[in-house]
Amino acid sequence: MSFLRIEDMHIDLGEFSLKGVSLGFDRGEYLTVMGPTGAGKTILLECIIGFYRPSRGRVFLEGRDITDDPPEKRRIGIVYQDYALLPHKNVFANIEYGLKKVDHDRESRRAKIMEMAEALNIGHVLHRKPPTLSGGEQQRVALARALVVEPRLLLMDEPLSALDPQTRQTTRALLRRIMRERDVTVLHITHDMDDVWALADKVAIMHDGLLEQLDTLEGVFNRPLNPFVADFVGASVFEGTVLPDANGSCRVDVQGLVLDSVDKASSGEKVRVVLRPENVMVFNERPGNSCLGNIVPATLKDYYKEGILYHLSFRSGDVCIPAVVTSCVFHELDLHREADMFLGLKTDNVKLTR
């Protein structure tokens, strides 16, 4: 049985809504929830904690129906994007705020706060007030306040979005350590793919109040269920037809481009072929490495730079194939528009879905 289970959740708040969302995940798992603005992600989170009551559907935590329980009875922690700290109270009092409701022994509370402050490296700021802290320190205070009550489930709504890139990276490492050491079950709303790659066991993709896909990282990023999910996670999907079996491999015709895959499908079957740009290798000359499986002649039609990466658009026959390379590789290959190149695709990176 799932640690958290949501069944057929409906709620309508006018501009934002949920439309029959059902999901579940296990104790100790880290679920990241992604989707465009207005997808219903925050409503989902606030239904779980009890701020909204659904018009239809139920919420179960550890097998018990908590749909009608008030928030304070659910033992669920929450961390918001703006941290929601009390500006007139010092850090110690902010962390203690929720703990007072569940632990009435002052010395016990102090011991728990000191232990949590040490774990999150904020022991030196316990006397200070939130407005005097950096963004990273405020984030850790909010996390300490949520974790110190030992919640059964921790909900986080874009908790890292206000941090600079270096602080986000440091905080992700801290989150990984704390969640692992304390075996915390987490639902984390984010727009940042780096959060997903660094933290998630499972990923949920939402759109327009619907749950489009819930799966492992591998499932969502390499086997998207529909075009919306594919586009959202940066995968390319092509319609293809499986050719007669050749040497035990599965060969698929994609508009005249034939690709081998380790996935299995029947001859004549219509399938979707999923490619990720970071799995496409680029060569000036035809590589002799037979383990690549697929060598595709292609012409570079366009590119653009984003940070240290170049996003490339190749064409092979009627098929457009995206790729990503580092700036170093881009210049080493002396890439330019209309350059004739070769693309390498390992057979286990050519994913087939129905």
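Fair warning: this is a prediction, and the values are worked out from it, not measured in the lab.

1. What about the overall build of the protein?
Piece 1. Scanning the protein from terminus to terminus reveals nine helices and 20 strands.
Piece 2. With the C-alpha coordinates aligned to their principal axes, the bounding extent of the protein is approximately 70 × 45 × 35 Å.
Piece 3. Relative to its 354 residues, the protein shows a buried fraction of 49%.
Piece 4. If you take every contact in the protein between residues at least 6 apart in sequence, the share linking residues at least 24 apart comes to 65%.
Piece 5. For the protein, the exposed surface amounts to about 16800 Å²; the carbon and sulfur share of it is 49%.
Piece 6. Taken together, the 44 basic and 51 acidic charged side chains of the protein have centroids lying 5 Å from each other.

2. Quick word on the nonpolar core
Piece 1. If you look at the biggest cluster of nonpolar residues, it comprises 35 residues, and the most contacted ones within it are Ile95, Leu143 and Leu154.
Piece 2. Residue assignment for this core shows that the elements contributing at least two residues are helix 2 (91-99), helix 3 (106-119), helix 4 (135-147), strand 7 (153-157) and helix 5 (165-182).
Piece 3. Non-local contacts of leucine 143, meaning those with residues more than four positions away in its chain, are made with Val79, Leu120, Leu154, Met156, Leu175 and Met179.
Piece 4. Counting residues in each nonpolar core, the second largest holds 31 residues, with Val252, Val282, Leu312 and Leu352 among its members.

3. Quick word on helix 3
Piece 1. Taking 1.5 Å of rise per residue, the 14 residues of helix 3 would be expected to cover 20 Å, and the 20 Å separating its terminal C-alpha atoms lies within 8% of that figure.
Piece 2. All of the buried residues in helix 3 are Arg109, Ile113, Met116, Ala117 and Ala119. The buried residues of helix 3 occupy an angular sector of 155° when projected down its axis, which confines them to one face. Within helix 3, the exposed residues directed more than 90 degrees away from the buried face are Glu107 and Glu118.

4. So, the sheet that holds strand 20 (residues 351-353)
Piece 1. In spatial order, the strands read 13-12-11-14-20; together these five strands make up an open sheet with antiparallel pairing. With one partner strand each, in any of the chains shown, strand 13 (257-261) and strand 20 form the two edges of the open sheet. The mean inter-strand angle of the sheet, taken between neighbouring strand axes irrespective of direction, is 45°.
Piece 2. Pairing analysis gives six bridges linking strand 11 (residues 236-242) to strand 14 (residues 270-275), with the strands arranged antiparallel.

5. Structural notes on a positive patch on the surface
Piece 1. Positive charge collects at one region of the surface, where Lys89, Lys100, Arg106 and Arg110 lie side by side.
Piece 2. Mapped onto the elements, lysine 89 comes out in the loop between strand 6 (76-79) and helix 2.
Piece 3. Take lysine 89: its relative accessible area is 31%, and that puts it in the partly exposed class.

6. Some thoughts on the pattern of salt bridges
Piece 1. For the structure shown, the criterion picks out 25 salt bridges.
Piece 2. Notably, a salt bridge pairs glutamate 115 with arginine 182, separated by 3.8 Å at the nearest N-O pair. One end of the pair, glutamate 115, is in helix 3; the other, arginine 182, is in helix 5, with 67 residues separating them in the sequence.
Piece 3. Of the residues examined, glutamate 115 reaches a relative accessible area of 48% and is grouped as partly exposed.

7. Focus: the packing of aromatic side chains
Piece 1. The tally for this structure, following the rule as stated, stands at five aromatic pairs.
Piece 2. Their ring planes at 25° and their centres at 5.9 Å tell us that phenylalanine 228 and phenylalanine 232 sit as a pair that is stacked. In this pair, phenylalanine 228 and phenylalanine 232 are both assigned in helix 8 (residues 227-232), four residues apart and thus about one turn of the helix distant.
Piece 3. Aromatic ring contacts, followed pair by pair, group Tyr303, Tyr310 and Phe330 into a single cluster.
Piece 4. Across from the ring centre of phenylalanine 60, 4.2 Å away, lies the NZ or CZ of arginine 5, which sits over that ring.
Piece 5. Across the ring face of tyrosine 303, the terminal group of arginine 337 is positioned such that the distance to the ring centre comes to 4.2 Å.

8. Quick word on the sheet that holds strand 1 (residues 4-12)
Piece 1. Read across the sheet, four strands follow the order 2-1-4-5 without closing on themselves; strand pairing throughout is antiparallel. Both outer strands of the open sheet, strand 2 (17-25) and strand 5 (64-65), are each paired with one neighbouring strand and no more.

9. Some points on the packing of helix 3 against helix 5
Piece 1. Running from N to C, helix 3 and helix 5 cross one another at 135°; their axes reach a closest spacing of 11 Å. By the angle class used here, helix 3 and helix 5 are oblique. Contacts between helix 3 and helix 5 pair Glu115, Met116 and Ala119 from the former with Leu174, Arg177, Ile178 and Arg182 from the latter.
Piece 2. Broken down by class, the residue content of the contact of helix 3 with helix 5 amounts to four nonpolar, no polar and three charged.

10. Points about the pairing of strand 10 (residues 210-216)
Piece 1. Relative to strand 10, strand 9 (residues 202-207) is paired through six bridges, and the arrangement is antiparallel. From the neighbouring strand, alanine 204 faces strand 10, where its bridge partner is leucine 214.
Piece 2. Hairpin connection between strand 9 and strand 10: a loop of two residues separates the two successive antiparallel strands, and aspartate 208 in this loop has a positive phi of roughly 55°.

Calculation rules
- Residues numbered from 1 in each chain as written.
- Predicted model: local features only at pLDDT ≥ 70, side-chain atom pairs only at ≥ 80, totals over all residues.
- Heavy atoms only, no water.
- Helix = DSSP H or I, 4+ residues; strand = E, 2+ residues; numbered from the N terminus.
- Buried < 20%, exposed > 50% of the residue type's maximum accessible area, 1.4 Å probe, protein only.
- Contact = heavy atoms within 4.5 Å.
- Areas by Shrake-Rupley, 256 points an atom, 1.4 Å probe, with all protein chains shown as cover.
- Lys, Arg positive; Asp, Glu negative; His and termini not counted.
- Charge placed at Lys NZ, Arg CZ, Asp CG, Glu CD.
- Core = buried A, V, L, I, M, F, W, Y, C linked by side-chain atoms within 4.5 Å.
- Expected span 1.5 Å × (residues − 1).
- Arc of directions from axis to C-beta.
- Pairing = 2+ DSSP bridges.
- Axes fitted to C-alpha atoms, helices over the stretch in contact; angles between N-to-C directions.
- Patch = residues over 30% accessible without salt bridge, like charges linked within 9 Å, V, L, I, M, F, W, Y side chains within 5 Å.
- Salt bridge = Lys/Arg side-chain N within 4 Å of Asp/Glu carboxyl O.
- Phe/Tyr/Trp six-rings, centres within 6.5 Å; stacked < 30°, edge-to-face > 60°.
- Lys NZ or Arg CZ within 6 Å of the ring centre and 35° of its normal.
- Parallel < 35°, antiparallel > 145°, perpendicular 65-115°, else oblique.
- Nonpolar A, V, L, I, M, F, W, Y, C, P; charged D, E, K, R; others polar.

Read these as geometric descriptors, not functional statements.
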